[in-house]
Amino acid sequence: MRPAKLLFLALVLALLAGVPAAQAAAPKRIVALTPFSANTLAGLGVKPVGIGETPGDNERRASNLKGVKKLTLSHPNGPNMEELALLNPQLAFSSPTWAKGAKTMRDLGIKVVNADPVDVAGTVTQTTMIGKVVERESSAQQLAQRLKDQIAAARKSIRKHPRTLVVLGVGRTPFVLLPNSWGGDVVRKAGARLITAGVTSSSGFARISDETILKANPDVIIAIPHANSDDIPEVTKYLRNNPAWEDSRAVRNDKLFVSTDNSLLQANTNVADVIRKVRRVYLKN
Amino acid sequence: MRRTAVVVVLVVAVVAGLTASLALGAVDIPLQTVIDALTGNADPGPLRKIVLDLRLPRTVEAVAVGAALGVAGALLQGALANPLASPDVIGVTGGAGFGAVLILIVFPGSIALLPVGALFFGLLAAGIVFAIAWAGPNAGGPGRLILAGIAIAALFGAGMTSILVAYPDRVQSALFFIAGGLTSDGWSDLKVVWPYFAVGFAIAIALARPLDRLALGDDVAASLGARPRMIRLLSGVGAALLAAAAASLAGLLGFLGLVVPHAVRLASGTSSHTYVLPVSALGGSALLLAGDTLARTVRAPIEMPVGPFMVVIGVPLFLFLLRRAV
Amino acid sequence: MTESTTPAAPALEARDVRVEIGDKTILHAADLTLEAGRLVAVVGPNGAGKSTLARAVAGMQKTAAGAIHWMGDDLGGLRGRKLALRRAFVPQRARVPDGLTVTEAVRIGRSPHLKPLQRPTRRDNEVVAAAMERTGVTQFAERKLTTLSGGELQRVQIAVALAQDAPVLMADEPTSHLDLGATVAVAKLLRGLADEGLAVMLVAHDLSLAAAVADTVVVMSAGRTVAAGPPLDTLTHERLEQVWGVDASVKAAGHHTALHVAWLGGAADHGDAS
């Protein structure tokens, strides 16, 4: 009887092993339109067939993503649909910014999943989520844990909590980054007390009047203009002369900083490094 | 005859435009593959998908939108006896812009409703304009219609600008729509708006001869048993349907509706609506096909808005015709 | 003249027509009769309601009261095409659109005879050609309307009305803005059309013209028809004084009709003993 029992067991095991294989296989051809999703996939050892890139992009990308086809992103659809279709992907990691394009992608038979965190905690949860979608759950668990540890380490021993204003320069009208924006959350996690004057907005950005800024008198101002890194001195000088800001503690104590990279605007996997930089350079805590 | 020559030239232009629109794009596809895809002989795969699901619906949209705007402009210029009349004048463009921006910026989660929003508000604006124009003294007169149109267009335009100012960080997504242009969205939008195109074109066909009766003035039209006010109202309705449907697909495309009928009249030398209406459809399609193909290929893979390209093609042509006419 | 046949119904019979626009009464009670082969001239001072009467009986102006019958049929029951087949109206100043040739314009006159998507038939083209011939505008056939003089344009307008092929032709002050030569041409044309059997109605300012071409003159004053009859019997010195308030009279001699006017005032003003 024993060989028969063994055979029976083997058959059952074989069937059980075959069942997951019979289910929908993990998507093979994946496009990662956001830097966070691209780098996370790289961290999971999954190579996408295409990654998104905005014009003038200076995003940090994992080295094993070199050579992957870059899809230029522009409003309103995101990537060029023909180029995307040519890659014949089964799955695209996208962002709500490209919602219009998501509709077309779905019509083309591509599954669309948003993977663009808007807060620091989101980087951990979305790492796990991506892992689940591409069926690398155990790798993702490890990656997520590592990320969690890195973030915790970056936040150790915060000594000061300066009152900070983070401003996005859109033309001549600046927008305040609120706690529910990526940059706002990063700066808060770095220990700052964000000045918002009680304004809320679902988008995470709001125009507040210069009078409010004057009254609030921040200790630190972080400005993110639309400019290149070589323009920083010029822009800093211009912003320093803004009448609403020139008498603030921040300007008088030389704590007006200009950031020209995307690190406070766009979520990425190097969030722990960004927190560290904010602490070291801007908040000095 | 000049009239035949103009038709021949435009038909050739449309055919060339169709070919270019299907054969050219961000991805290089050999012409034979394009033909195979269209005739059902191509192997399934991304290239076939690009031709059938991205380029073909877009080409059809370009033809429909170009024809619709050309005909809408011709209808209004004939009905209002005013060479400056265009779909913008009856408030449709302003309303459609407001509706689209409302969805794009305030309710971005409902993005699938974009064509519906543009269509609804475009027709609403036109409806308000007609209601104002047909009430009170001098009801149905062209002057009243134009003034009401300008006022309502301004109202909805202000609404649109207010939304943009209230959500300035989302302005980018609306910019493309405002500049005017087609996007490779597949067939889903066309499925929603095709009935409005159909009804609008049907009204235009029915009004071709009646509009000629308005040519010598309302009194002569009445003498002939025509009803000038009814003709004007129906022209407005037809133009509104066509322009609202066009705006829901292609954003706020100005210029075409105003200039194409004039160009047709200048080139052919006739103002008869039985000629000008269909030929404006041809001219509009040709211009938009050319403009859209350029907009898609000039800086590929980035897609530019169509408006500037149409203007670059259309304005020199128009100025040339104008000089010869004078 | 045999009296055995009952006379045919007049082309137009209008009695006690009343027109109100807003809260103003423009026509109180006006009468008008038009018959085939006769030319009726409606005259009166500005504001008397001449144009209003013409438009009202033509079905182009709403009436508050009155009995209007076209060939025996009540106007209320006649709409659109049916009415267009009974009368053609030539307005005082029609639009002159760009890009339209004379032939194209006259063709527009055929529209009541064309079914919706029907192409013009040979008969339609013949009528158009005949209308242009009759009004002497065939030489301008391919010219654009915008290149014609006032007199030529007016004749084209009449051609459009003739193309309509209706038994009644109504013209609202067709010569008011024309020079002498053009006025004479139009006068001859209208009289000729009446002689050929059309019922012609003419709203006119020019009393000597009216007297010369008309079989019947209808005088209007302050929204009422105050007199109707043969020209010289109706446009008497007393009537002209009563209605226009001027010292004038109409005189006919041979082929010439003239209006004699005391331009600088009558005998009473100059203190002459008459």
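Residues numbered from 1 in each chain as written. Chains lettered and ligands numbered in written order. Predicted model: local features only at pLDDT ≥ 70, side-chain atom pairs only at ≥ 80, totals over all residues.

A few points about the nonpolar core
Note the cut-off: We define a nonpolar core as a collection of buried residues of the types Ala, Val, Leu, Ile, Met, Phe, Trp, Tyr and Cys that are connected via C-beta atoms lying within 7 Å of each other. We call a residue exposed when 12 or fewer other C-beta atoms sit within 10 Å of its C-beta, buried when the count reaches 20 or more, and partly exposed for counts in between; the C-beta positions come from the backbone. Note on contacts: residues are paired as contacts if their backbone-placed C-beta atoms lie within 7 Å.
Within the largest apolar cluster, 188 residues are counted, with the highest numbers of intra-cluster contacts made by Ala68 and Ala244 of chain B. Discounting chain neighbours no more than four positions away, the residues touching Ala244 of chain B are Val92, Ala96, Ala118, Leu119, Gly122, Leu123 and Tyr196 of chain B. Residues Ile130, Ala140 and Ala223 of chain A together with Val27 of chain B belong to the second largest nonpolar core, which totals 82 residues.

A closer look at the interface of chain B and chain C
The parts lose accessible area when they come together, and the size of an interface is often stated as this lost area. So the rule is basically this: Put simply, DSSP marks the helices as runs of H or I at least four residues long and the strands as runs of E at least two long, and each gets a number from the N terminus on. Charged residues are taken to be Asp, Glu, Lys and Arg, nonpolar residues to be Ala, Val, Leu, Ile, Met, Phe, Trp, Tyr, Cys and Pro, and polar residues to be all remaining types, Gly included.
Between chain B and chain C, the contact holds 18 residues from the first and 21 residues from the second. Elements supplying a minimum of two residues to the side of chain B that touches chain C: helix H8 (188-213) and helix H9 (218-223) of chain B. Per-element tally for the side of chain B that touches chain C: the top contributor is H9 of chain B, with 4 residues. Class assignment of the residues belonging to the side of chain B that touches chain C gives a composition of 6 nonpolar, 7 polar and 5 charged.

What to know about the interface of chain A and chain B
On the side of chain B, 27 residues touch chain A, which itself brings 24 residues to the contact. Listing elements by their share of the side of chain A that touches chain B, those giving two or more residues are strand E3 (69-74), helix H3 (81-87), helix H4 (99-107) and strand E8 (173-177) of chain A. Partitioning the side of chain A that touches chain B into residue classes produces 9 nonpolar, 9 polar and 6 charged.

Observations concerning helix H2 (residues 35-43) of chain A
Residues and elements named next belong to chain A. Within H2, 9 of the 9 residues are buried, which leaves it mostly tucked inside the rest of the structure. Pro35, Phe36, Ser37, Ala38, Asn39, Thr40, Leu41, Ala42 and Gly43 are the residues of H2 that are buried. Contacts from the buried residues of H2 go to strand E1 (30-32), strand E2 (50-53), strand E5 (91-94), helix H5 (120-133) and helix H6 (137-154). Immediately beyond the C-terminal end of H2, within one or two residues, lies Gly45, with a positive phi of roughly 80°.

Describing the domain arrangement of chain A
Residue and element names in this part refer to chain A. This is how it is decided: Boundaries between domains were set according to an automatic or database domain assignment.
Along its sequence, chain A is organised into domain 1 (30-154) and domain 2 (163-283). Every contact between the two is made by 18 residues of domain 1 and, on the other side, 18 residues of domain 2. Of all elements in the fold, only H2, H5 and H6 reach the threshold of two or more residues within the side of domain 1 that touches domain 2. With 5 residues, H2 is the largest single contributor of residues to the side of domain 1 that touches domain 2. Of the residues that constitute the side of domain 1 that touches domain 2, the class distribution is 8 nonpolar, 6 polar and 4 charged.

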